Amino acid sequence: VSTQSTGAAGAAGGAGGEETFEDRLQQWDTMSSYQPIEIGRDILRRMHRSQVTVLQWPSPLRYQFFKNLMPDIILETCTSCNRIFYADDLELQLLQKKACPFCRKKVHQEEPPTQTD
């Protein structure tokens, strides 16, 4: 589910009269055609950081925010192409090929520092 930060506040409905992402998700379930869920900054700020994946696009593009609806599945993002992968799949590819499976950008792993006495 895509979430984009907008200035709109929306209707109240969550704890303390504030709308939550879950309120928007319930509204989304009743739509007849697909539309991304757009939320405001206030809702985004109340979400836990581990639930949100941020895609940082270069200017003039805006950042995109995605909520993981299955928290048992850990997601990782390639910093080069901004593709989202299952963490285990991306880690395996990085260990085997030392590159992103989509954009093929090589990952440089730093050597552990050697100790000198």
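All of the points below concern the structure found in this document. Here the structure is a predicted model, which is why all the values come from computation and not from measurement.

Once that is clear, we can look at unusual backbone geometry. A cis amide bond links Ser59 to the next residue, Pro60, at an omega of 15 degrees. Look at Asn82: it is not a glycine, yet its phi comes out positive at around 65 degrees. Assignment of secondary structure puts Asn82 in the loop between strand S6 (75–77) and strand S7 (84–86). Look at Asn82 and you get buried, because its relative accessible area is 11%.

With burial as the criterion, only one face of strand S5 (residues 64–67) is covered, namely that bearing Phe65 and Lys67; the residues Gln64 and Phe66 on the opposite face remain uncovered. Sheet topology places strand S4 (residues 52–55) next to S5; four bridges connect them, and they run antiparallel. Paired with Val52 across the strands is Lys67, a residue of S5.

What we call a disulfide is simply a covalent bond connecting the sulfur atoms of a pair of cysteines. If you walk through the whole model with that rule in mind, you get zero disulfides. For Cys78, which is in no disulfide, the shortest distance to another cysteine sulfur is to Cys100 and amounts to 3.6 Å. Cys78 gets classed as buried once you look at its relative accessible area, which sits at 10%. Judged by relative accessible area, Cys100 falls into the buried class, the value being 3%.

To continue, consider the pattern of salt bridges. The full count for this structure, using the stated rule, is one salt bridge. Notably, a salt bridge pairs Arg46 with Glu18, separated by 3.5 Å at the nearest N-O pair. Separated by 28 residues along the polypeptide, Arg46 in helix H2 (residues 41–46) and Glu18 in the loop between strand S2 (5–6) and helix H1 (21–29) bring together distant segments of the chain. A relative accessible area of 40% places Glu18 in the partly exposed class.

Rules and cut-offs
- Residues numbered from 1 in each chain as written.
- Predicted model: local features only at pLDDT ≥ 70, side-chain atom pairs only at ≥ 80, totals over all residues.
- Heavy atoms only, no water.
- Helix = DSSP H or I, 4+ residues; strand = E, 2+ residues; numbered from the N terminus.
- Buried < 20%, exposed > 50% of the residue type's maximum accessible area, 1.4 Å probe, protein only.
- Pairing = 2+ DSSP bridges.
- Disulfide = S-S within 2.5 Å.
- Salt bridge = Lys/Arg side-chain N within 4 Å of Asp/Glu carboxyl O.

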